[in-house]
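# Survey of secondary and tertiary structure
Letter by letter, the chains look like this.
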Amino acid sequence: MNMNVNMNTNTSSTGVIIRDFEAQPRVVIATKIHGPPHIPQLKQSLCLLMAAYNNHHGLHYDIVVFTTVPVAQIDEMHLKEIVHPAHLTIETDEKTLSQHIDGLNPEQKRYLYERCNSTYDEPLYWGTRACEVGGGACMPLAYTWQSEFRAKHIWKHAALAKYKYMLWYDSDAMSTRVWEQDPVAVMIRNDLAMFFAHFPQGKTKGQEVQEKIKQAYNDTVSLRMKNGRLFKDDNNCNAVSQIHGFFHITNLDFYRSPENLRWYDILIGDNKFSRKWDDQLSVTVPAAMRAANRSWEMGANGVKLDVWHNGELDGQRKWKGGGYLKWWKKEAEVTFPEGFGSCQSLVTNPGR
């Protein structure tokens, strides 16, 4: 554990008292889904999060759900009931897929159809897979758009304008117990730019990424972690290791700085609907270039919350007994009675 972390006192670096589990101003919880098919998973995730943190400790932080496809009014009402008395809003994307495609210039459109192995007389759908040139996974347009949204567009979204801190929580993240530590309080008390559950999660290699970083920050970068903090390693710029994107807290004022906003534009460039430049790389590089000493991993700094995602707790400890439903049936009633009591009827997603 990083012994410099301000865990044993409530006093921040500015002398302000920041107590665990006291609601702090200008904090929002955010997530994104594609649309109606993901509503059951979202209900499960938010119910468990409320039982573990936001309602259990009486914080009631606002929640913003971004969605690409509109959701039914009845589902919106149910989501609001699940998180009550926290305030929930649903923000639907302004453009449909057709409008996105119509807004592309001729070269962008030609490139997109080529990656989708389609001709102009064939319609594209959110489920259409686009392959990366030169290799890599072929991903649905729905997934690539969500990645682009989180990498670039979210930082200027009007729904987040009044907030300073964003707790990002993927809709397939599932709490497994009441949180005994308050990551938001630790974040604010230590004046962090980024507080993340896990590092590293993948890496981006090649000269092109370094050229983009050079254009944005007049430098190149490689990363490792030292004493629970990001460490900019100037001696090795072959690849950029990335912060895991499923659960982190960001200082929005930092990420909305003009320099960082320019980085998101440079990162995405004209490459629409691509998984090549994703949200993990988007949030990692500003932290590395301008706030490495203020960008900390939760677990390495003593904050272990056991959030389930893709079969791992906090992105790094594997539960070997199967998916989330198997864990739920075996352990939830004892380990997480608060969630078991309030979320039993909503826990239907098996996880991975």
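These remarks concern the structure in this document.

About the cut-offs
- Residues numbered from 1 in each chain as written.
- Predicted model: local features only at pLDDT ≥ 70, side-chain atom pairs only at ≥ 80, totals over all residues.
- Heavy atoms only, no water.
- Axes fitted to C-alpha atoms, helices over the stretch in contact; angles between N-to-C directions.
- Helix = DSSP H or I, 4+ residues; strand = E, 2+ residues; numbered from the N terminus.
- Parallel < 35°, antiparallel > 145°, perpendicular 65-115°, else oblique.
- Left-handed = near helix turned anticlockwise from the far one by under 90°.
- Contact = heavy atoms within 4.5 Å.
- Nonpolar A, V, L, I, M, F, W, Y, C, P; charged D, E, K, R; others polar.
- 1 Å grid on protein atoms, 1.4 Å probe; cavity = no way out; pocket = protein on both sides within 12 Å on 5 of 7 lines; lining within 4 Å.
- Points joined across faces, edges and corners; volume = space filled by probe spheres on them.
- Core = buried A, V, L, I, M, F, W, Y, C linked by side-chain atoms within 4.5 Å.
- Buried < 20%, exposed > 50% of the residue type's maximum accessible area, 1.4 Å probe, protein only.
- Disulfide = S-S within 2.5 Å.
- Phe/Tyr/Trp six-rings, centres within 6.5 Å; stacked < 30°, edge-to-face > 60°.
- Lys NZ or Arg CZ within 6 Å of the ring centre and 35° of its normal.
- Arc of directions from axis to C-beta.

### Structural notes on the packing of helix α7 (residues 207-217) against helix α9 (residues 258-268)
- At a minimum axis distance of 9 Å, the contact between α7 and α9 shows a crossing angle of 150°. Taken together, the axes of α7 and α9 are roughly antiparallel relative to one another. Remark: the crossing between α7 and α9 carries right-handed chirality. Residues Lys212, Ile213, Gln215, Ala216 and Tyr217 of α7 pack against Glu259, Asn260, Arg262, Trp263, Ile266 and Leu267 of α9.
- Among the residues making up the contact of α7 with α9, the classes are represented as 6 nonpolar, 2 polar and 3 charged.

### Brief notes about the layout of surface pockets
- Within this model, the largest pocket holds a volume of roughly 920 Å³.
- Contributing to the lining of the largest pocket are 34 residues, with Tyr143, Gln146, Asp170, Asp172 and His309 lying nearest its centre.
- Mapped by element, the contributors of at least two residues to the lining of the largest pocket are β1 (27-33), β5 (138-140), α5 (141-151) and α10 (279-290).
- Top element by residues in the lining of the largest pocket is α5. It accounts for 5 residues.
- Quantified by volume, the second largest pocket comes out at close to 450 Å³.
- Every residue lining the second largest pocket is counted, 16 residues in all, and those nearest its centre are Glu94, Lys95, His100, Trp145 and His153.
- For the lining of the second largest pocket, the elements supplying multiple residues, two or more each, are β3 (88-92) and α5.
- Residue classes in the lining of the second largest pocket are distributed as 4 nonpolar, 6 polar and 6 charged.

### Comments concerning the nonpolar core
- In this structure, Trp179, Phe195, Phe247 and Trp328 are the most contacted members of the largest nonpolar core, which totals 59 residues.
- When residues in this core are grouped by element, the largest group, 10 residues, is from helix α1 (residues 39-54).
- The residues touching tryptophan 328, leaving out its near neighbours within four places in the chain, are Leu48, Glu333, Phe336, Gly339, Phe340, Cys343, Gln344 and Val347.
- Membership of the second largest hydrophobic core comes to 56 residues, among which are Ala30, Val240, Leu252 and Val285.

### Considering the state of the cysteines
- Under the counting rule described, the total for this entry stands at 2 disulfides.
- A sulfur-sulfur distance of 2.1 Å marks the disulfide that ties cysteine 47 to cysteine 343. When the S-S torsion is -95°, as for the bridge of cysteine 47 with cysteine 343, the disulfide is left-handed. Here cysteine 47 is found in helix α1, whereas its partner cysteine 343 is found in helix α12 (residues 337-343), with 296 residues between them in sequence.
- Here cysteine 131 pairs with cysteine 138 through a disulfide, and the sulfurs are 2.0 Å apart. With the S-S dihedral at roughly 110°, the linkage between cysteine 131 and cysteine 138 falls on the right-handed side.
- Judged by its relative accessible area of 30%, cysteine 138 falls in the partly exposed class.

### Comments concerning the packing of aromatic side chains
- Per the counting criterion, the structure on display carries 22 aromatic pairs.
- Note that lysine 212 overlies the ring of tryptophan 277, its terminal NZ or CZ placed 5.1 Å from the centroid.
- One Lys or Arg, lysine 226, reaches over the ring of phenylalanine 231 and ends 5.1 Å from the middle of that ring.

### Some details on helix α2 (residues 73-83)
- Every buried residue belonging to α2 is among Asp75, Leu79, Ile82 and Val83, and all of these are buried. Looking straight down α2, one finds its buried side chains confined to an arc of 85°; they lie on one side. For α2, exposure combined with an orientation more than 90 degrees from the buried face picks out Gln73, Ile74 and Glu81.

### Here we look at unusual backbone geometry
- With an omega of 10°, the peptide bond running from histidine 84 to proline 85 counts as cis.
- Within the secondary structure, proline 85 is located in the loop between α2 and β3.
- A cis geometry characterises the amide bond from phenylalanine 199 onward to proline 200, with omega recorded as -5°.
- Inspection of the secondary structure assignment puts proline 200 in the loop between β7 (194-196) and β8 (203-205).

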